[in-house]
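Below, each chain spelled out in residue letters.
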Amino acid sequence: MTTEQPPAPTRSFSHTIERKPGSVVALNVEVDADRLERASERAFQKHVQHAKVPGFRPGKAPRALYERTYGAEHLWEDAAADVVDETFKEIADLEQIDWLDRPDVEVSQLEPGKSLRYTATVPVRPEVTLGDPAAAAVTVQPTPITDEQVEQTIAGMREHHAEVKPVERAAEKNDVLTIDLDVTLDGKQMPPMGRNAHLELGRDYAIPGLADALVGSRAGETKEFELAFPDDYPDEDLRGKTGAFSARVSQVAEKILPPLDADFAKTVGVATVADLDKAVRGELAHAAFHEARDDAAEKLLAHLLETSTVEVPEILVADELDHLMADLRARVKDQGLSWEQFLLQARKTEDEIRADWRPTAERRAKSLLVLDALAKRENVTISSTELAQEVALTPLAQQDPNALRNPAVLGALARSMRNRKLVDKLIGLDTPDAERALIRAAGGPEDIELPHETPSAEPALIVPPAQPAVPEASAEGREAIRSLLKEQSGR
């Protein structure tokens, strides 16, 4: 018995496709006149509801009288807009066009009783010819931690909890001074390098000899000395030059370290010195693992970008540039500067900064396309449950539950999660056991716990942040501005 198939639906349009450089597609479309006529009738029915035609209630006037009062051009324009939107989406589905932005439409024929003709030009997701990830031969190889690293970390924790006690004597090595620091260069007073800045005489700073020059100073004294800025100093204008420094000392303090005992261990969240040693080893092993993981991921991505071929659409590059600029503006605001002040200090225009970052934006855009294609091939996805769990752990979501309801924000978060999941799979970290084994190999304890397995747990230790290399600069300091530029351009 033969089953009769229903006839294929008759399309109300015809089209051709022209593929252009830059991953752009041009659709030349002709839509039947009767479809345009029906759309114009729908437009009329919408507008007539609000029309005031003498002798007729709203919505009851015939079309001929309506057009005599209001004209017909806007009806056909509305109809054309609706038909273009409908048929473009139908053609995109039919031809499997993955468009990246709304099309640029040019109507070439719009007349009552005639077919609608238009051209829609739109950037599309390009085809990606992927390189072979296995050819990168990348593996995660964390560097085992040493006893010296453990001792140094614990010493740093003791430093962080040290008591600072003012003393009435000349400053000695390892004392902590509170100073106002100024510098004159070539007879010109520079912006303040520090106000009420804490400087520890036992540390090395970006300006060699700074700490040594202040040994022997007393509270209330102003000490003057000359030092040379090193050749690798962050501010290029100061490199290799000698400055006349003036340091007004307001306080000399002695640093008293807490004894390494059970009481100290309890202050940092563990019960005994042995527990402290174990916890520090676990933290350092985690850090060694993540450093090795990030290094392997970067090598894999570099290999994929080098061996994969894709024509990156300009719109994606522009989007990445916009993201970089938005990030920079936020950082500048955090520095207490206006955008205009930043540009003046940086000696660049916004267009020059965008030009400097264009290669970075192109690389980021290509990375997105390559990883999207690879994730599709490897069938790596993020489930709604995984996304919900990640959202719940996001600090922003805990501060503002509505902050992550934006579909674009959720989409970006899901893509970031998927990319990490994809890379982990490709470098051999697709199971918790693999991660745990590498952390143990780096020197972590046998009963190591992974953070994502105990998401509600608080960190076992509070490891102090790294100390600044130079005294805190003022908000107007050029060094802060140039450092910011250097950080951004290196991304």
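Everything here concerns the structure above.
Residues numbered from 1 in each chain as written. Predicted model: local features only at pLDDT ≥ 70, side-chain atom pairs only at ≥ 80, totals over all residues. Heavy atoms only, no water.

Novice: Even after reading the chapter, I still don't get the overall build of the chain, so can you show me in this structure?
Specialist: If you tally the helices and strands in the chain, you get 15 helices and 10 strands. Every one of the 491 residues in the chain was classed for burial, and the buried ones make up 37%. Here the analysis covers contacts within the chain between residues at least 6 apart in sequence; of these, 69% occur between residues at least 24 apart. Total accessible area computed for the chain in this model is approximately 28500 Å², and 50% of it derives from carbon and sulfur atoms. (Helix = DSSP H or I, 4+ residues; strand = E, 2+ residues; numbered from the N terminus. Buried < 20%, exposed > 50% of the residue type's maximum accessible area, 1.4 Å probe, protein only. Contact = heavy atoms within 4.5 Å. Areas by Shrake-Rupley, 256 points an atom, 1.4 Å probe, with all protein chains shown as cover.)

Novice: Explain the environment of Thr-121 here, please?
Specialist: You can see Thr-121 is positioned in strand E4 (residues 116-123). Along the primary structure Thr-121 and Glu-106 are separated by 15 residues, whereas in three dimensions their C-alpha atoms are 8.5 Å apart. When near neighbours in sequence (up to four residues on either side) are disregarded, Thr-121 contacts Val-24, Val-25, Ala-26, Pro-103 and Asp-104.

Novice: It is not clear to me how the nonpolar core should be interpreted in this structure. Could you clarify?
Specialist: The tendency in soluble globular proteins is for nonpolar side chains to be buried side by side. The biggest cluster of nonpolar side chains holds 55 residues, and the ones touching the most others in it are Val-140, Leu-276, Phe-342 and Ile-427. Among the elements of the structure, helix H4 (147-160), helix H6 (262-267), helix H7 (273-307), helix H8 (314-334), helix H9 (339-346), helix H10 (350-378), helix H13 (407-426) and helix H14 (432-441) are those that each provide at least two residues to this core. With 14 residues, H7 is the largest single contributor of residues to this core. (Core = buried A, V, L, I, M, F, W, Y, C linked by side-chain atoms within 4.5 Å.)

Novice: Can you walk me through the sheet that holds strand E1 (residues 13-20) in this structure?
Specialist: Whenever strands of a sheet pair, they do so through backbone hydrogen bonds, lying parallel or antiparallel. The sheet built from 4 strands is open, its strands ordered E1-E2-E4-E3 with antiparallel pairing. If you trace the sheet from one side to the other, it starts and ends with E1 and strand E3 (104-109), each paired once. Strand-to-strand twist across the sheet, computed as the mean angle between neighbouring axes with direction ignored, equals 15 degrees. For E1 and strand E2 (residues 24-31), the ladder comprises 8 bridges, and the chain directions are antiparallel. Paired with Arg-19 across the strands is Val-25, a residue of E2. (Pairing = 2+ DSSP bridges. Axes fitted to C-alpha atoms, helices over the stretch in contact; angles between N-to-C directions.)

Novice: Whenever I open this one, the pattern of salt bridges confuses me. Can you help?
Specialist: Counted under the stated rule, the structure contains 41 salt bridges. Close ionic contact of Glu-86 with Arg-35 constitutes a salt bridge, the shortest N to O distance being 3.1 Å. Here Arg-35 lies in helix H1 (residues 33-48) and Glu-86 lies in helix H3 (residues 73-95), a separation of 51 residues in the sequence. Between Arg-415 and Asp-372 there is a salt bridge, with the nearest N and O atoms lying 2.4 Å from each other. Here Asp-372 lies in helix H10 and Arg-415 lies in helix H13, a separation of 43 residues in the sequence. The class of Asp-372 is buried, set by a relative accessible area of 12%. (Salt bridge = Lys/Arg side-chain N within 4 Å of Asp/Glu carboxyl O.)

Novice: I tried to follow the environment of His-198 on my own but got confused; where do I start?
Specialist: With respect to the helices, strands and loops of the structure, His-198 is situated in strand E8 (residues 194-200). A residue is classified by how much of its surface remains accessible, and His-198, at 58% relative accessible area, is exposed. A sequence separation of 54 residues divides His-198 from Val-252, and the C-alpha atoms of the two residues are 9.9 Å apart. Side-chain polar atoms of His-198 contact the side chain of Thr-178, separated by 3.3 Å. (Polar contact = N/O pair within 3.5 Å; in protein donor to acceptor, adjacent residues only side chain to side chain.)

Novice: Just to check I follow, could you spell out unusual backbone geometry for this structure?
Specialist: Even without glycine at this site, Gln-96 takes up a positive phi of about 55 degrees. You can call Gln-96 exposed: its relative accessible area is 73%. The phi dihedral of Arg-347 falls on the positive side, at around 60 degrees, and the residue is not glycine.

Novice: Where do I start with the packing of aromatic side chains in this structure?
Specialist: Aromatic rings considered in pairs are described by the distance between their centres and by the relative angle of their planes. Considering all chains together, one arrives at 7 aromatic pairs under this definition. Residues Phe-225 and Phe-245 carry aromatic rings whose centres are separated by 5.7 Å and whose planes lie at 5 degrees to one another, so their mutual orientation is stacked. With Phe-225 in strand E9 (residues 222-228) and Phe-245 in strand E10 (residues 242-256), this pair connects stretches of sequence that are 20 residues apart. Exposure remark for Phe-225: the relative accessible area of 13% places this residue in the buried category. Given the relative accessible area of 2%, Phe-245 is considered buried. Measuring from centroid to centroid gives 5.7 Å for Phe-229 and Phe-245, while their planes differ by 40 degrees, and the two rings are tilted. Highlighted residues: Phe-229 in the loop between E9 and E10 and Phe-245 in strand E10, separated in sequence by 16 residues. Across the pair, exposure class does not vary: Phe-229 and Phe-245 are buried alike. A cation sits over an aromatic face here: Arg-329 above Trp-339, 4.2 Å from the ring centre. (Phe/Tyr/Trp six-rings, centres within 6.5 Å; stacked < 30°, edge-to-face > 60°. Lys NZ or Arg CZ within 6 Å of the ring centre and 35° of its normal.)

Novice: How do you make sense of the environment of Phe-13 when you look at a structure like this?
Specialist: Summarising the element assignment, Phe-13 is placed in strand E1. Each C-alpha atom of the pair Phe-13 and Glu-30 lies 5.5 Å from the other, and the pair is 17 residues apart in sequence. Excluding residues that lie within four positions of it along the chain, Phe-13 makes contacts with Val-29, Glu-30, Val-31, Asp-32, Arg-35, Thr-87, Glu-90 and Ile-91.

Novice: Which parts of the structure should I look at to understand the packing of H10 against H13?
Specialist: Two quantities define a packed helix pair, namely the angle between the helix axes and the distance between the axes. Interhelical geometry of H10 versus H13 gives an angle of 65 degrees and a closest axis separation of 10 Å. In terms of their interaxial angle, H10 and H13 are classed as roughly perpendicular. Of the two possible hands of crossing, H10 and H13 adopt the one that is left-handed. Facing Leu-368, Leu-371, Asp-372, Leu-374, Ala-375 and Glu-378 of H10, the residues of H13 in contact are Arg-415, Arg-418, Asn-419, Leu-422, Lys-425 and Leu-426. Across the contact of H10 with H13, the residue classes tally to 6 nonpolar, 1 polar and 5 charged. (Parallel < 35°, antiparallel > 145°, perpendicular 65-115°, else oblique. Left-handed = near helix turned anticlockwise from the far one by under 90°. Nonpolar A, V, L, I, M, F, W, Y, C, P; charged D, E, K, R; others polar.)

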